[in-house]
Amino acid sequence: MNYSAKVMDHFTNPRNVGEIEDADGIGEVGNAKCGDIMKMYLKIEGNVITDCKFKTFGCGAAVATSSMATEMIKGRTIDEALQLTNRAVMEALDGLPPVKIHCSVLAEQAVKAALWDYYTKQGVDPEPIVGKVPDMEEE
Amino acid sequence: MEKRYIYADHAATTAVSDAVLQEMLPYFQQHFGNPSSIYEKGRENERAIIDARARVAKCLGADPKEIFFTAGGSESDNWAIKGVADKLAAKGKKHIITSVFEHHAVLHTCEFLEKHGFEVTYLPVSPQGLIDPKQVEDAIREDTALVTIMYANNEIGTIQPIAEIGAVCKKHGVIFHTDAVQAVGNVEIDVKAQNIDMLSLSGHKFHAPKGIGALYIRKGITLPNLIHGGGQESGKRAGTENVPGIIGLAKAIEDATANIPAKIAHLTPLRDKLIEGILKIDQTRLNGDREHRLCGNVNISIVGIEGESLLLMLDYFGIQASSGSACTSGSLDPSHVLLSLGLVHEVAHGSLRLSFGEELTEEDVDYILETIPQVVERLRAMSPMWERMQKENIRLNADKTRLVKEEA
């Protein structure tokens, strides 16, 4: 498996690992059976994601894509976070091996799952805003 | 502790040894002749191959005429299985017996034959990764053409009762093939005493180069030609011989088989120290039988982490190893070998295989035992699966094959 230097950097030194105690939105996608779980924590003030942390069970690409996704949405607005695509995460990591593209999809979905949870907690129907999130674990 | 570099993947491949390389070198330039040529430059290489064939045969207890050089283990397996199938189908024998945890070179060949009208029985293995000769005997039918059971498993290192399985096959007049790719140089092999009719081996697993192997075919069994063409390998496998590879294979198998008792004596205590040390980590399991096991094989599942990230992190610390996780197998499912032991996916994903050669030292073992717990702790700290296991008191069950919620 030939990972780019950026993937290896984000794998060996993942950014924003951990949990947020009083998170405003928590999303989890994937499952242990398939070997990938990503859990994303968001702190949101007004319309801005002020903090973002993650925990991932999975391969090197799964860790790197979740790490990169947190960097790409931290300090951004919710709208900007909703625009985050798996392709953008992949490009930011200088590409992924073809068999690992699904990891970047999971990272995109983890962000969306956390925003889904945020809107649910706000009493707002998330589906019209976030759209369906295929691999989400609902609490 | 200072960073060390430890190659712990000998079951994948090994380096060509100095002694092997030195024997091979003259055959690239000085002795470049085609063994089929009439002049001395060719004849000297023909003699070298005759000599190499005898050397390989001697190491297996075979006759030189029973040794056929191939390009490696997969080719030998394919030839043996498809060859016997082709030969015996004409006599109405269209049943093959194998096991669920064979190498893919055997499994995929059997699946191919199923598409061509053969029936295949895939014997299950015990939770320890062993096959009982009684299972083989019970599966043999009137129309059984072949039994093919691996000598030692490439992932979990379990060694099968090959002589006993061979005896069962002999009793019932069924041809017995074994993929001994992982066994050569680790286990004493005598094809006659162990009732083996056909045996596959691969040079690069014991310090010969990649791309050279052999198939032992007992006298009296005639397989169809694998490659049609010239008269090489008794006309069975045409094509100008890989002379340096053949010379290298002969030297490598001599060294490997001469060294078995010393290797076992050196590696067994180191392997056991590693197994005991790694099993001290909470929520781990040893995969494969403790006793009937290759002296250089350690295979442990570490729950809550995923195999590929474990390998990458170990590589970062200088330890090169292997895993049976889905991500490293290149498919959605973890290794069929681990699943055959009854492991659920969640337990199989966190597997680690360490396989060693004789250069392993006590210092290497100490370094590995110091590094693995650190790496596991780091990966578990970022694992939502581990987090859930802690919060909900989910643990390995009694036989450590699946995860269960323990009541407080």
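Everything discussed here concerns the structure shown above.
The text that follows walks through the structure, step by step, so that each part is easy to find.

Thresholds, definitions, all that
- Residues numbered from 1 in each chain as written.
- Chains lettered and ligands numbered in written order.
- Predicted model: local features only at pLDDT ≥ 70, side-chain atom pairs only at ≥ 80, totals over all residues.
- Heavy atoms only, no water.
- Helix = DSSP H or I, 4+ residues; strand = E, 2+ residues; numbered from the N terminus.
- Rg over C-alpha atoms; globule rule 2.2 N^0.38 Å.
- Buried < 20%, exposed > 50% of the residue type's maximum accessible area, 1.4 Å probe, protein only.
- Phe/Tyr/Trp six-rings, centres within 6.5 Å; stacked < 30°, edge-to-face > 60°.
- Contact = heavy atoms within 4.5 Å.
- Buried area = accessible area lost by both parts, 1.4 Å probe.
- Salt bridge = Lys/Arg side-chain N within 4 Å of Asp/Glu carboxyl O.
- Polar contact = N/O pair within 3.5 Å; in protein donor to acceptor, adjacent residues only side chain to side chain.
- Pairing = 2+ DSSP bridges.
- Axes fitted to C-alpha atoms, helices over the stretch in contact; angles between N-to-C directions.

## Some points on the overall build of chain A
Looking only at helices and strands, one finds six helices and three strands in chain A. Shown N-terminal to C-terminal, the secondary structure of chain A runs as helices and strands in the order α-β-β-β-α-α-α-α-α. Taking 14 Å as the expected radius of gyration for a compact globule of 139 residues, we find that chain A reaches 14 Å, a close match to that expectation. Principal axes of the C-alpha set define a box for chain A whose edges measure 45 × 30 × 25 Å. Sorting the 139 residues of chain A into buried and exposed places 58% on the buried side.

## Thoughts on the packing of aromatic side chains
Aromatic ring pairs are defined here through the distance separating the ring centres and the angle between the ring planes. In this structure the tally under the stated criterion is three aromatic pairs over all chains. A centroid spacing of 5.2 Å and a plane angle of 65 degrees characterise the contact between Tyr118(A) and Tyr119(A), whose relative ring orientation is edge-to-face. The exposure class of Tyr118(A) is buried, given its relative accessible area of 9%. On the numbers, 5.8 Å between centres and 85 degrees between planes, the contact of Phe68(B) with Trp79(B) is edge-to-face. With a gap of eleven residues between them, Phe68(B) in strand E2 (residues 67–70) and Trp79(B) in helix H3 (residues 73–89) connect regions that are remote in the sequence.

## Regarding the interface of chain B and chain A
In this complex, chain B contributes 20 residues to the contact, which on the side of chain A involves 27 residues. For the chain B and chain A pair, buried surface summed over both sides reaches about 2000 Å², with 62% attributable to carbon and sulfur atoms. Across the chain B-chain A interface, the total number found is four salt bridges. For Arg388(B), the salt bridge is made with Glu28(A), and the minimal N-O distance between the two is 2.9 Å. In this structure, the connection of chain B to chain A is made through twelve residue pairs in polar contact (both at pLDDT 80 or more). When residues of the side of chain B that touches chain A are traced back to their parent elements, those giving at least two are helix H9 (307–316), helix H12 (345–348), helix H13 (362–381) and helix H14 (384–391) of chain B.

## Section: the sheet that holds strand E12 (residues 351–355) of chain B
All names here are of chain B. Read from one edge to the other, the open sheet built from three strands follows the order E9-E10-E12, with strand pairing classed as antiparallel. Every other strand in the sheet has two partners, leaving strand E9 (284–286) and E12 as the edge strands with one partner each. Along the sheet, successive strands turn relative to each other by an average axial angle of 20 degrees, direction set aside. Here helix H8 (residues 260–279) sits on the sheet and contacts E9, strand E10 (297–302) and E12; the angle it forms with E10, its principal contact strand, is near 5 degrees.

These figures come from the coordinates and say nothing about function on their own.
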